[in-house]
Amino acid sequence: MNFTNFSFKEVYMFTLPDLPYAYNSLEPYIDEATMRIHHDKHHAAYIKNLNEALANQDKLQMLTVEELLQNLSRVPETIRTKVRNHGGGHANHTLFWQVMAPPEPNAAAPAGDLIKAINVTFGSLLTFQEKFTSITMGRFGSGWAWLVSVSGKLEIVDTPNQDTPLLEHKTPILGLDVWEHAYYLKYQNLRADYIKQWWNVINWREVEKRFAQSLVK
Ligand SMILES: [Fe+2]
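Residue positions are counted from 1 within each chain, in the order its sequence is given. Totals for whole chains, interfaces and linings use every residue, but because this is a predicted model, local features are given only for residues with pLDDT of at least 70 and side-chain atom pairs only at 80 or more, for both listing and counting. No hydrogens and no water enter the side-chain calculation; it runs on all heavy atoms of the structure.

Undergrad: Just checking my understanding: could you explain the pattern of salt bridges for this structure?
TA: Any two side chains of opposite charge can pair, given that their charged atoms come close. Within this document, salt bridges are pairs made up of a side-chain nitrogen of Lys or Arg and a carboxyl oxygen of Asp or Glu, the two lying within 4 Å of each other. On inspection of all chains with the given rule, the structure shows 10 salt bridges. As a salt-bridge pair, Asp158 and Arg139 come within 3.1 Å of each other at their nearest N and O atoms. In this pair, Asp158 sits in strand 2 (residues 153-160) while Arg139 sits in the loop between helix 5 (125-138) and strand 1 (143-150), placing the two residues 19 residues apart along the sequence. Three labels apply to residues, based on accessible area from a 1.4 Å probe with only protein chains included: buried if under 20% of the type maximum, exposed if over 50%, partly exposed otherwise in between. Under the relative-accessibility criterion, Arg139 is labelled buried at 17%. The way it works is that DSSP assigns letters per residue, a run of H or I at least four long becomes a helix, a run of E at least two long becomes a strand, and they are numbered from the N terminus.

Undergrad: Is there a simple way to explain the confidence of the model for the protein chain in this structure?
TA: The predicted coordinates of low-pLDDT regions are not to be read in fine detail. pLDDT measures how confident the predictor is about each residue, on a scale from 0 to 100. Considering every residue of the protein chain, the mean pLDDT works out to 93; 94% of them sit at 70 or more. Confidence over residues 1-7 falls short of pLDDT 50; this stretch has 19 contacts with residues more than four positions distant or in other chains. Contact definition: two residues touch when any of their heavy atoms are within 4.5 Å.

Undergrad: Could you clarify how one ought to interpret the packing of helix 4 (residues 112-122) against helix 8 (residues 204-216) in this entry?
TA: A pair of packed helices is characterised by two quantities: the angle between their axes and the separation of those axes. Under this scheme, a helix contributes an axis fitted over its contacting stretch, all axes are lines through C-alpha atoms, and angles between N-to-C directions fall in the 0 to 180 degree range. Running from N to C, helix 4 and helix 8 cross one another at 80°; their axes reach a closest spacing of 8 Å. Judged by the inter-axis angle, helix 4 sits roughly perpendicular to helix 8. Across the interface between the two elements, Asp113, Leu114 and Ala117 of helix 4 pack against Trp204, Val207, Glu208 and Phe211 of helix 8. Residues of the contact of helix 4 with helix 8, tallied by class, amount to five nonpolar, no polar and two charged. Here is the rule for angles: anything less than 35 degrees is roughly parallel, anything more than 145 is roughly antiparallel, 65 through 115 is roughly perpendicular, and the remaining ranges are oblique. Amino acid classes used here: Ala, Val, Leu, Ile, Met, Phe, Trp, Tyr, Cys and Pro are nonpolar; Asp, Glu, Lys and Arg are charged; the rest, including Gly, are polar.

Undergrad: Would you explain the coordination of the iron ion in this entry?
TA: For a metal with four tetrahedral donors the ideal donor-metal-donor angle is 109.5 degrees, whereas six octahedral donors ideally subtend 90 or 180 degrees. Distances from the iron ion to its protein donors, namely His38 (NE2), His93 (NE2), Asp177 (OD) and His181 (NE2), fall within the range 1.9 to 2.1 Å. Classification of the site at the iron ion as irregular follows from its four donor atoms and the range of 90 to 136° in their angles at the metal. Counted as donors are N, O and S atoms no farther than 2.8 Å from the metal, or 3.2 Å for Na, K and Ca; water is not among the atoms, and sites may therefore look incomplete. The rule is simple: four donors are tetrahedral if all their angles sit between 85 and 135 degrees, four are square planar and six octahedral if opposite donors span more than 155 degrees and the others lie between 65 and 115, and anything that fits none of that is irregular.

Undergrad: Explain the nonpolar core here, please?
TA: What tends to happen in soluble globular proteins is that the nonpolar side chains get buried as a cluster. Throughout, nonpolar core names a set of buried Ala, Val, Leu, Ile, Met, Phe, Trp, Tyr and Cys residues whose side chains join them through atoms within 4.5 Å. By size, the foremost hydrophobic cluster in this structure holds 41 residues, and its most contacted members are Met100, Phe128, Leu154, Leu174, Tyr194, Trp198 and Trp199. Counting only elements with at least two residues in this core, the list comes to helix 3 (77-98), helix 4, helix 5, strand 1, strand 2, strand 3 (171-177), helix 7 (191-198) and helix 8. Here this core spans two domains, since at least three of its residues come from each of domain 1 (32-98) and domain 2 (105-216). Residue contacts for Leu174: discarding those within four places in its chain leaves Leu95, Val99, Phe128, Ala145, Trp146, Leu147, Trp198, Trp199, Ile202, Trp204 and Val207. Listed in part, the 16 residues of the second largest apolar core include Leu50, Leu60, Ile79 and Leu166. For each domain, the first and last residues come from an automatic or database assignment.

Undergrad: What is the right way to read helix 1 (residues 32-53) from this model?
TA: Owing to its 3.6 residues per turn, the α-helix brings residues three or four apart onto one side. Expected helix span is taken as 1.5 Å per residue step, with the number of steps being one fewer than the number of residues. With 22 residues, helix 1 should reach 32 Å at 1.5 Å per residue; the first-to-last C-alpha distance of 31 Å fits that figure. All buried positions along helix 1 are accounted for by Thr34, Met35, His38, His39, His43, Tyr46, Ile47, Leu50, Asn51 and Ala53. For helix 1, the secondary structure elements touched by its buried residues are helix 2 (65-70), helix 3, strand 3 and helix 6 (184-187).

Undergrad: Would you explain the domain arrangement of the protein chain in this entry?
TA: Think of interface size as the accessible area that goes away when the parts come together; that is how it is often given. By the assigned domains, the protein chain splits into domain 1 (32-98) and domain 2 (105-216). Here the C-alpha centroids of domain 1 and domain 2 sit 21 Å apart. Here the quantity called buried area is the total loss of accessible area, with a 1.4 Å probe, experienced by two parts when brought into contact, counted for both. Surface buried jointly by domain 1 and domain 2 totals about 1,800 Å² across both partners, of which 59% is contributed by carbon and sulfur atoms. Its largest share of buried area at the contact with domain 2, domain 1 owes to Asn92, Leu95 and Phe96, together 32% of the area lost on that side. Our count for the contact surface shared by domain 1 and domain 2 stands at one salt bridge.

Undergrad: I keep staring at the packing of aromatic side chains and nothing clicks. Help me out?
TA: To describe a pair of aromatic rings, you give the distance between the ring centres and the angle between the ring planes. Geometry of aromatic contacts follows a simple scheme: Phe, Tyr and Trp rings, the Trp one being its six-membered ring, pair when their centres are within 6.5 Å, and the pair is stacked under 30 degrees between planes, edge-to-face over 60, tilted otherwise. The tally for this structure, following the rule as stated, stands at 11 aromatic pairs. A centroid spacing of 5.5 Å and a plane angle of 90° characterise the contact between Phe96 and Trp144, whose relative ring orientation is edge-to-face. Here the residue Phe96 occupies a position in helix 3, and Trp144 occupies one in strand 1, the gap between them amounting to 48 residues. Taking relative accessible area as the criterion, Phe96 reaches 1% and is therefore assigned buried. Consider the rings of Phe132 and Trp198, whose centres lie 5.8 Å apart with planes at 15°: the pair is stacked. One end of the pair, Phe132, is in helix 5; the other, Trp198, is in helix 7, and 66 residues separate them in sequence. What makes Phe132 buried here is its relative accessible area of 0%. By way of ring pairs, the aromatic residues Phe122, Phe128, Phe132, Trp198 and Trp199 are connected into one cluster.

Below is the structure:
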C-alpha cells in the first residue's frame, strides 16, 4: 500500500506503507542498507505489535493511529503502553518517510507560507536549522526531534522513545528519527554528521503541505 497524504484514514489492521521512493534514492546521505532495515524491519515491527495489541479491541479498531494517540486515556491500561510505543512508531515512521525525498537542488528550500512562518518564529532558515540541530543533539538516548505547528505557530520540540507531538495535540510537520537504528550503519556514533547530511533530503513540498493542513484543522 502506498499513501502520501497525512489525512489518509487507515485503521486496523494497519499495514506497512511502501516507501515513496527507492531504498537507495537518499544516497549518499542515507544509505540503502539502513533504509531497508529501518523500513522493512523496524517500521514493520511497530505495525505488527500495534495490530497485536488491538486484536481484541473492536471499538479501538475503528480509530486511526493519530486518533488512538490523541485519545490514549480511552485505551485500556493493559495495552496503553503498547499502543503509545508501537502506534507512535507507526505514525512517526510514516511521517518520516514522507518528509524525505531524493535530493533535488532546486527544491531544497522551504517556500511560501512555511518559510514566512519560519522567518517570523526563528529569524531565518539557518537559525531554525541550528536550533533544530541543537535540540536534536540534546535528545539523550532514543527519540525524535520535531517541527510542529500549533494552530499555525511553529515550535521545535523533542520526544523520547516513540512518543509523538500528537500526544500533546501538536501537529508534527517535520520529524527526525535519532534512534541509532536510523543512522548507525553509516554514521556510527556521529549523530551530528547524520543530522547535517539529513538536511539534504528534506521534502520541503511535503512539509509545506502539512503546515497548510495544520492551519485548517
Ligand atoms: Fe526509526
